[in-house]
Structures are given as structure tokens and as C-alpha cells.
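Descriptive structure summary
What follows is the residue order along each chain.
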Amino acid sequence: MNFSMFKYSNLVALLAMVVIGLVSCNDGDDGGSNEVTPEDIQVAFATSEVSVNENDTDPVSVKISLNAAAVADISAKIKVENGDGTEDSNYTLTPAPSDGIVSVDIAQGEKEATFSFAPVNNDQIDGDKQVNFTLTSVEGLKVLETATKFVVKIKDDETAKVEETDLFISEYAEASVGSHKYIEIYNPKSTSVDLSNYLIKGGNNGKGWQDDRELKLSGTLEAGAVYVISNESADDFILSKADVTLPFPSAVHHNGDDPIALFKSNGSGGYDLIDILGEENVDPGDGWSVAGVENATKDHTLVRKTAIFKGNTDWTVSAGTTAENSEWIVRDDQDWANLGVFGDEDAPVPSLEISETSFDFGEVNNGETSVSKSFTVSGTNVTEDVNVVAPTNYKLALSSSEEAIVSYVDEVMISDVSSAQTVFVVFQPESGLNGEKAGKIKISTVGASEEISLTGTEAGNDESGILAKTSFEVPSSVPGVKYTDTGDASVSHDLVNNTGEPVVDFTASGGEMGYNAKYEPVSGVTDGLVDGDFVGVTDYLNDVTAFTEGTQGYLLSDVDGKMIVEFDEVTVSTGVKVSLDVFLNDTGYETSNPEDAVRIYVKTNDSEVDIINSSGTDLNDFTGLTEGAWKNISATISGKTSVQLIVEFVCNSGSELIYLDNVLIQKAAIEL
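Let me sum up the structure you'll find in this document. (Residues numbered from 1 in each chain as written. Predicted model: local features only at pLDDT ≥ 70, side-chain atom pairs only at ≥ 80, totals over all residues. Heavy atoms only, no water.)

1. Description of the overall build of the protein chain
Looking only at helices and strands, the protein chain has four helices and 44 strands in total. Viewed in the frame of its principal axes, the protein chain has a C-alpha envelope of about 155 × 65 × 50 Å. Residues counted as buried form 49% of the 672 residues belonging to the protein chain. Long-range pairs, those at least 24 residues apart, make up 72% of the contacts in the protein chain between residues at least 6 apart in sequence. A total accessible area of about 29900 Å² is found for the protein chain, and carbon and sulfur atoms account for 47% of it. (Helix = DSSP H or I, 4+ residues; strand = E, 2+ residues; numbered from the N terminus. Buried < 20%, exposed > 50% of the residue type's maximum accessible area, 1.4 Å probe, protein only. Contact = heavy atoms within 4.5 Å. Areas by Shrake-Rupley, 256 points an atom, 1.4 Å probe, with all protein chains shown as cover.)

2. Regarding unusual backbone geometry
Generally, phi is negative for residues other than glycine and the peptide bonds are trans, each holding for most cases. With an omega of -5°, the peptide bond between Phe248 and Pro249 qualifies as cis. Relative to the helices and strands, Pro249 is located in the loop between strand 18 (244–246) and strand 19 (260–265). A cis amide bond links Val474 to the next residue, Pro475, at an omega of 5°. Looking at where Pro475 falls in the secondary structure, it is placed in the loop between strand 32 (466–470) and strand 33 (493–494). The phi angle at Asn393 is positive, at roughly 80°, despite the residue not being glycine. In this fold, Asn393 is placed in the loop between strand 26 (386–389) and strand 27 (394–398).

3. A short note on the packing of aromatic side chains
Here the structure, examined in full by the defined rule, presents 25 aromatic pairs. Measuring from ring centre to ring centre gives 5.3 Å for Tyr91 and Phe117, while their planes differ by 20°; the resulting arrangement is stacked. Taken together, the residues span a long stretch of sequence, with Tyr91 in strand 5 (residues 91–94) and Phe117 in strand 7 (residues 112–119) at a distance of 26 residues. Pair check on accessibility: Tyr91 and Phe117 agree, each one buried. Within the aromatic cluster, the residues linked to one another by ring pairs are Phe45, Tyr91, Phe115, Phe117, Phe133 and Phe150. When the ring centre of Phe263 is taken as reference, the NZ or CZ atom of Lys201 above it lies at 4.5 Å. Taking NZ or CZ as reference, Arg599 lies 3.7 Å from the ring centre of Tyr601, over its face. (Phe/Tyr/Trp six-rings, centres within 6.5 Å; stacked < 30°, edge-to-face > 60°. Lys NZ or Arg CZ within 6 Å of the ring centre and 35° of its normal.)

4. Looking at the sheet that holds strand 15 (residues 209–216)
Strand order in the open sheet formed by four strands is 15-14-19-20, with antiparallel pairing between adjacent strands. Sheet topology places strand 15 and strand 20 (271–277) at the edges, where each strand pairs with a single neighbour. If you compare each strand with its neighbour and ignore which way they point, the axes differ by 30° on average. Pairing geometry for strand 14 (residues 198–203) and strand 19, over five bridges, is antiparallel. Bridge pairing in strand 19 places Lys201 opposite Ala261. (Pairing = 2+ DSSP bridges. Axes fitted to C-alpha atoms, helices over the stretch in contact; angles between N-to-C directions.)

5. A few points about the pattern of salt bridges
Summed over all chains, the structure comprises 22 salt bridges. Residues Arg599 and Glu608 are paired through a salt bridge, measuring 3.0 Å at the closest nitrogen-oxygen approach. A relative accessible area of 18% means that Arg599 is categorised as buried. Residues joined in a network through salt bridges with shared partners are Arg213, Asp258 and Glu590. (Salt bridge = Lys/Arg side-chain N within 4 Å of Asp/Glu carboxyl O.)

Without other data, these values stay purely geometric and don't point to any function.
What follows is the structure in C-alpha cells.
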């Protein structure tokens, strides 16, 4: 037997017994026990910081470590705080926090536990973010003071992409009235851009890019800045934001059916498309749908979402079919509150408040004035003048009291609505026909509008001298439906009524005179009405606040040629007055290809007498009619045996339109 080996083995065994005894022993008296108690366990985050990319798909596992196994089931409480620019929607936590606290369970016998953090990719250029975690308590355990905090840094993946992108169209406007049209271009880069490498192109009437609607840009666009190109006849607010204003024709003399695109030099003498709004060589009708809004490129403002950081040459994708998948936010007609700054979310929204929504003035004789009624206008976030316009047969006055009113007018302007301003309104019927006269006061400013409905009954007219009349109350209108010509647009022909479509021809009945419509092709455009357009008897009130007589009128719009309406011939034996009310929409009219024009005249048994004729005059400057308002026009005819009213209108766009109402042929006043 080896004595040395025997002594060594016994010594090891003896020491092992001593260690076991020390671990097992606990006398409960002097605190000298080696048993692990909750007070002895320390807990901390395993690391202090981690960085993730916003587009990472795998969650981050955040570990909490104990220096000894848990002696019971416990729960760690972790406070969650967002850094600057960070929101709860930028990430998800499992388990989910409650009142800003995440609870992480640690089972008995375990020395660690985890919770998961997953970034949310929001497809926006909104910078890097940070989320801070603080271990606040672990049910009586001792927390390490030096490791109680943990930070997750989220890197914005879109920010890096910005330097790979280029200029794009960030805002667009086409208003229902006037030439309030513009586009805004944004530079998303962190460096300035030489604009001489870019140009804008515009299309017209479903055709390709037009040379006279092309603009080569110039100057420098700073990082994060916008460049505004506007129609020279736009609202003063738009002009104040514009970097360049353009005369007719130009890309910003567009209508809702005209495309606009941004091109960039390719360095080889040509230009490549980098962004587009609409489609080249496509006629969509009145306009394109955007974000599920029909005809959104007409009578709307479009604002690019801040999530977008580059142009899109695929208009279908850019326009989208819903508010969620579109690159654009569709804002109301004449809402320009965001012009001059890229981004929609933080733009203050103007609003108007009115004290009344309707007035009824009762019965008032022709030529007399009713007792006045009043309402107040106030607003918030309103930075521009407020325009108040009265319909036909009504007048307005802006005054602090009725006694101070000097005269009533068709329109008043209010410069400050931070406090309530009082407007007076009266009923002054002058149509010459007895019956109800309805209308709406339109109150509008940049980004906001309101309306007040008005009714009154005109009386006291001697209608015995009326020979023929129509206010288009018979037949009924067909709302929301276009008229489609079934004839050949390349030749002149009669238009005929189609079942289920607006009436264009009418045989006299119900006390209303008849009329017949025709179409003629003109040089520069021969598309006609075969593609479907809004013409004929209508009750549509988007362009006009009200009809001057009754609730219907006759519309001529986007005829792509010349549309002619011939009213019934009337036999006369005395002098007569031929009159009608005409509304000319406020928009941009062309002087060539074709020349937009209105001619309204009386054909007699041996001559033609013009009431108005804009031929040879820019319709935008024509004084015979008033853009954006009804105007009564007339001619007195004597020494004739027959008269026939004829209306002719040449146009080629959905916003180029006229309404007719209150057609009267009556004995001349001097003979009544």
C-alpha cells in the first residue's frame, strides 16, 4: 500500500465534508450563514446599449442577468422613456408595457430573463430615434446601481436613401374658380441642387407634351427647400409664395385633365422623366382619381406625403387607390395652407365660423329691398382675406351697424376675422319673373369655406308681356351622368337625347320654350362629345352657388369643338327684349388650338344681332361676361317679325364651361 496516496485521498475527502458542512450549516443567530437570500441577489441589464436599423425584421432580445439563481418567482419592473422625436408607434415591446412600465418575469432557479424590442419601419424620413429603459425594482432584490439603464438606438433607414434621390413634385393645385394653379418642387437632399438641369413639361387635352407648356428651370434650390411655379393670374397668396409666375400658355395653365411632369438632364443632350402627375397622351375626362377621390386633380390641392423622398414615374402607383396606399393627400378646393413648405402633417388648418346657416326673406316686389338680416364671420388660423359673395337677387354690406350702411354690394372682403365681423344681407329681386329666388352666400378664404342658404319670393311683376321663357325646370336633370354623343365628331350634326342621360333637346311644354342642340368641329380640336361630357339640363351646383331662376339650368362644358343651342323661334309684332343669365366659369381659357369663345346672338327674320361675342378676344379678359359670377345680358330688337336666341360655345376642357338660365323673350319695356 502506498502511504502517500492514502494520506492524499483522505485529505480530499475530509475537505469536501467541511465544505458541505459549511454550506448546510445555519445557526440563525449571528448572520454567518452562507445560504443565498433575496438581499444577496443582484440584477442588472447584461449590456448598456444596442443599435438597430428601422427596417430590421428580427426583434432584439434584451437580457436581464442575476448574479445568482432566483430563490422564488419574481418580476422586474422596467420604465420605458422615448427620446426626442421618438413615439410609441416607432417600436413594439413584448411583453407590452402598461403605463410606461414593462414587467419581466424571472422564474425561481433562473439567473436571467429577456424581453423583446422590435422597430417599426414607417417609410418616413424622420431621423434616428432612441428608446431608454431603466430597471426600477425587482420585488426586494438589490439592483446594481451601475447597470440599471439600457438604450436602444434606431437608425432611420430612409435618411440614407435621401442622398440617392432627386427633386420631385411636392404639391399641386387646380381650383374650381380663377387661375389659381401651381406646382411646388421639393429638394429632399442635404445639398443644394442646380435647377438648370431640370425642366417642367405639360400636356393638354389628352395629347403629348406641348412645346409651349415647357419650362427650363434656372437658379439653385437649397437643401430642404421648395420651388413654386404658378400661373401669373393666380390668387395673391399663391403669387406671394411663387418663385416664378408664367403667362399663358404654360404648364401651370393646366386643367384637371392635363398632365405635368418633371424631367432631368441625362448628360447626353436629352432629359429623363423623374416624376409625373397624370398621364401623357391620356384624356381621363375631368381629371384623375387620387387616393380613392374621383377627379382629385380637378378642383383640389394635392400634397405629397412626408414619407415620400423621391419622384415616381408610374402615376398609377403614385396616385394609389386609397388614402393609405397613395403618395398624395387630397385637400379641399383652394386649400393652399401648406404652400411653400414640404409636408402636410404640421400645417395649421384654417377654419371659419358663421353664426347663421340660412335666411328666408319672404315675399318682396321686383325692384324693392327687403328688411336686412345679419350674420357674423370669425375664424382661426386664417391668414388671408375672407371673401363673401352674394348670389343673384341678393346684396351685402359690411358694417358695425345697420344705421352705418351706405350701400349694398355683390361682394365684400374681410381682412381680419380673429374677432367676429358682422355682415348684412338684403333681398333685391330683379329677375322680372314672379316666384322663389334661392341662392347661397359663399364665404371663403385660403383653406376654408362656408355657405349660407337664402330664399325669397319675387312678386309684383306684370308677366303679361312675356312671349316665351325657360328656366330649364322641365325636364328633370340626371345628376352625376355624362352625355355621350353618338354622332360623328368630325362633321357637323344635331345632338339627340339619349335615354338615362342629361337632356340636350327639348320640345316646348309646361310653359317653357323648347331648344335644339348641335355640334360643329373646329380647327385645333375635333374630339367632340363622343367621350362623354357634362352638358345639357343640370342641377349641379359645384361651380355656381345657385341658379338664378329655379333649381336647374343648362350647362355647356368640355365640348371639344363648338356646341350650339338654338331656342325656339318666336313670332313678334312689336319691339322685344331678349335676355338670359350666363355664368362663365373662372379658369384659364386658350386663345388658340382652339380659341375658346362665346357668342350669344339673336337671329331675326333678316339679320343677326349679337348680344355678346368674344371672338378675337382672350376670354380671360372679355368684359361681356364676368368670370365666376352670373351676369344678365340682353338685346332689344325692333322692326322684326321673328326672333330666335342662339348660344355658341367653343372649349376643350372640363373647367371651361358656361351655364344658362332665366331665358326671357318679352315685349320691350317701352311698349308695355
